[in-house]
Amino acid sequence: MEKLHVGFDDTDSRKGGCTTYVAALIIEQLSKLRVSFFDYPFLVRLNPNVPWKTRGNGALCLRILCEPQQIDEVKEVVAETVEKESELSEAGTEPGIVFFKGEVLSAVEAFAERTMTSVVTKKEALKLIKKHNAEAIRFKTGRGIIGGLAAIGAQLKGDHTFELIAYRTKQNRGTPRKIDGSSVLQMERQLGRQVFNNVDPETGRVLITPRGPDPVLYGIRGETAEAVKRGHEIVVSHEPIERWTIFKTNQGTDAHLKRAVSISDVKPYNPVIIRGEVAAKPRVIQGGHVVFQIRDNTGKVDCAAYEPTGTLRDLAMKLIQGDLVEIYGGVRPKSQTNPMTVNAEKIHLIKPAVLLVYRNPLCPSCGKRMKSMGRGQGFECLKCGFHGKTLKKTVYEIERPLKPGLYATSPHSQRHLTKPLLRYGLEKTGNTRLDEQVLPYKFFYGH
Ligand code: ZN
């Protein structure tokens, strides 16, 4: 038996389609060829801050175990399905497929890492593909080979999660999704922290159903394949489910964020975790967004909480000069109107600054608050006439309306990769499949 990794990306457009659905269709075709899988299908979210992303910037990889003489047939099935199901007529849809035989090399793994945290070029992908005897199929410009190769290289050996995606039948696509909201709440109650981002705690809105014309009915995110399968069994759908697939994924793991040593290291399109001191009082800009600057001894950078409502914006509003914070987020380049800006996904308030106010002293004679007689002239009491030439202003420490800790955007506006606060402490440190034996289809695919 031979290992074949099949990576592909960029088959969808803003108008419809979904690369995960193409993967589901390929899995069905491959099941007919009786080839095996040695791991779950991978859904790898790439750097959400690159300038050319499609909707979710997710790439797919199927990890196949087959007889050497089956390889050509597998390639044919994949190429045909990608070609047929891609939104090729749409501008910006540039599918690419990569086939890689054997063990994934560390150079490909490193490439995958960079595709999540920074910006890579198609040229780099092509060079690696050539060097390691992989094979690429490109449609149009084939930008999708970047994601295809990255999905192959992503090993998810450390933290990872799972998502079960259920798909709609053709005739229902484009219509409102018919999911029983109370069954989603029921699932959350029953499975607790084994699943995440199902319901928005602020609005009660169900988050498992996307909006738009794509074939996804719902996606259930969770810690294990078993948990998301269990969730799928609890959720009640009032429309038929065409098929479902469980993906192993880097969603909800903060895989895109890299800690920058200092503010001078912050670069456009490279999502960061950066520490600094709030330089001045935050200001509210048009649209209700909050902008503030942080500084360290290497420089300053603008940060923004882009959320008209929600917890992160509320926290940002309350920051004051001197607060020690860590900002987690993507970095937007400098534009004609704005400087380079870190778009905050999370704010860690490490040490709130002490807020002091200075007030005139109370009269030592009658207890009334006194009036200043001018700089250096002391204070006088308007009630009893007491003069205190040596009296000074009294300093009060005002209690801040916020506590140190980690604050995140509300679940409804979280990015795919953002680790929800609920996942802290549940991070995995090892691969969930070490044996690399055949994974039965029923574990990750069904109708
Ligand atoms: Zn007095």
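Residues numbered from 1 in each chain as written. Predicted model: local features only at pLDDT ≥ 70, side-chain atom pairs only at ≥ 80, totals over all residues. Heavy atoms only, no water.

Caption draft 1: Representation of the pairing of strand E4 (residues 58-66) in the model. Most of E4 sits out of view: 9 of its 9 residues are buried. Side chains Gly 58, Leu 60, Leu 62, Ile 64 and Cys 66 of E4 all project onto a buried face; the interleaved residues Ala 59, Cys 61, Arg 63 and Leu 65 project onto the opposite face, where all are buried too. Direction of pairing for strand E1 (residues 2-9) relative to E4: antiparallel, over a ladder of 7 bridges. Counted as the bridge partner of Lys 3 is Leu 65 from E4. Note: strand E2 (residues 36-37) against E4, 2 bridges, orientation antiparallel. Along E4, the bridge assignment pairs Phe 37 with Ile 64. (Buried < 20%, exposed > 50% of the residue type's maximum accessible area, 1.4 Å probe, protein only. Helix = DSSP H or I, 4+ residues; strand = E, 2+ residues; numbered from the N terminus. Pairing = 2+ DSSP bridges.)

Caption draft 2: Main features of helix H1 (residues 19-33). Its 15 residues give H1 an end-to-end C-alpha distance of 21 Å, which sits within 8% of 21 Å, the value for a rise of 1.5 Å per residue. Within H1, 11 of the 15 residues are buried, which leaves the element mostly enclosed by the surrounding structure. Every buried residue of H1 is listed here: Thr 19, Thr 20, Tyr 21, Val 22, Ala 23, Ala 24, Leu 25, Ile 26, Ile 27, Glu 28 and Leu 30. One or two steps after H1, the chain reaches Arg 34, where phi turns positive at roughly 60°. (Expected span 1.5 Å × (residues − 1).)

Caption draft 3: Quick peek at the pattern of salt bridges. Applying the stated rule across the entire model yields 26 salt bridges. Glu 28 is paired through a salt bridge with Arg 243; the nearest N and O atoms lie 3.0 Å apart. Separated by 215 residues along the polypeptide, Glu 28 in helix H1 and Arg 243 in strand E10 (residues 241-249) bring together distant segments of the chain. For the pair shown, Glu 28 and Arg 243 are each scored as buried. (Salt bridge = Lys/Arg side-chain N within 4 Å of Asp/Glu carboxyl O.)

Caption draft 4: View of the sheet that holds strand E19 (residues 371-372). An order of E19-E20-E21 is seen for the 3 strands of this open sheet, with the pairing classed as antiparallel. A single partner strand is all that each edge strand has here, and the edge strands are E19 and strand E21 (387-388). As paired strands, strand E20 (residues 379-380) and E21 are joined by 2 bridges and run antiparallel to one another. By the bridge assignment, Phe 379 is partnered in E21 with Gly 388.

Caption draft 5: Looking closely at the environment of Pro 176. Position of Pro 176 relative to the elements: it lies in the loop between strand E7 (161-168) and helix H6 (181-191). Looking at Pro 176, the relative accessible area reads 67%, which means it is exposed. Spatially, the C-alpha atom of Pro 176 lies 34 Å from that of Pro 271, the residues being 95 residues apart in sequence.

Caption draft 6: Molecular detail of the coordination of the zinc ion. For the zinc ion, every protein donor is listed as Cys 363 (SG), Cys 366 (SG), Cys 381 (SG) and Cys 384 (SG), and the spread of their distances is 2.2 to 2.4 Å. Each of the 4 donor atoms around the zinc ion contributes to a set of angles spanning 98 to 122°, which defines the coordination as tetrahedral. For the zinc ion, the donor residues sit on a single chain with the sequence spacing C-x2-C-x14-C-x2-C. Here Cys 363, found in the loop between strand E18 (355-359) and E19, pairs with Cys 384, found in the loop between E20 and E21; they are 21 residues apart in sequence, far enough to count as distant. On the accessibility criterion, Cys 363 (4% relative accessible area) is buried. Assessed through its relative accessible area of 39%, Cys 384 is described here as partly exposed. (Donors = N, O, S within 2.8 Å, 3.2 Å for Na, K, Ca; no water. Tetrahedral: all angles 85-135°; square planar, octahedral: opposite > 155°, others 65-115°.)

Caption draft 7: Focus on the nonpolar core. Phe 8 and Ile 64 are the most contacted members of the largest nonpolar core, which totals 55 residues. By residue number, the principal contributor to this core is H1, which donates 8 residues. Among all residues touching Ile 64, those that are not within four sequence positions of it are Glu 2, Lys 3, Leu 4, Val 6, Leu 30, Val 35, Ser 36, Phe 37, Phe 38 and Val 74. Among the nonpolar cores identified, the runner-up in size contains 25 residues, and Ala 112, Met 116, Leu 149 and Ala 150 belong to it. (Core = buried A, V, L, I, M, F, W, Y, C linked by side-chain atoms within 4.5 Å. Contact = heavy atoms within 4.5 Å.)

Caption draft 8: Representation of a nonpolar patch on the surface within the structure. A contiguous nonpolar surface patch, about 380 Å² in accessible area, is contributed by Val 354, Leu 356, Tyr 358 and Val 395. Inspection of the secondary structure assignment puts Leu 356 in strand E18. Residue Leu 356 is classed as partly exposed on the basis of its relative accessible area, which comes to 39%. (Patch = residues over 30% accessible without salt bridge, like charges linked within 9 Å, V, L, I, M, F, W, Y side chains within 5 Å. Areas by Shrake-Rupley, 256 points an atom, 1.4 Å probe, with all protein chains shown as cover.)

Caption draft 9: Looking closely at the environment of Asp 9. Tracing the chain through its elements places Asp 9 in strand E1. Taking the C-alpha atoms as reference, Asp 9 lies 6.9 Å from Ile 97; in sequence the two are 88 residues apart. When neighbours within four sequence positions are excluded, Asp 9 is seen to be in contact with Thr 19, Leu 46, Gly 58, Ala 59, Glu 94, Pro 95, Gly 96, Gly 144, Gly 147 and Gly 148.

Caption draft 10: Looking closely at unusual backbone geometry. At Asn 133, a position not held by glycine, the phi torsion is positive, near 60°. For Asn 133, the location among the structural elements is in the loop between helix H4 (122-131) and strand E6 (135-138). Residue classification places Asn 133 among the exposed residues on the basis of a relative accessible area of 73%. Here Asp 254, not a glycine, exhibits a phi torsion of approximately 60°, which is positive. Along the polypeptide, Asp 254 turns up in the loop between E10 and strand E11 (258-259). The class of Asp 254 is buried, set by a relative accessible area of 10%.

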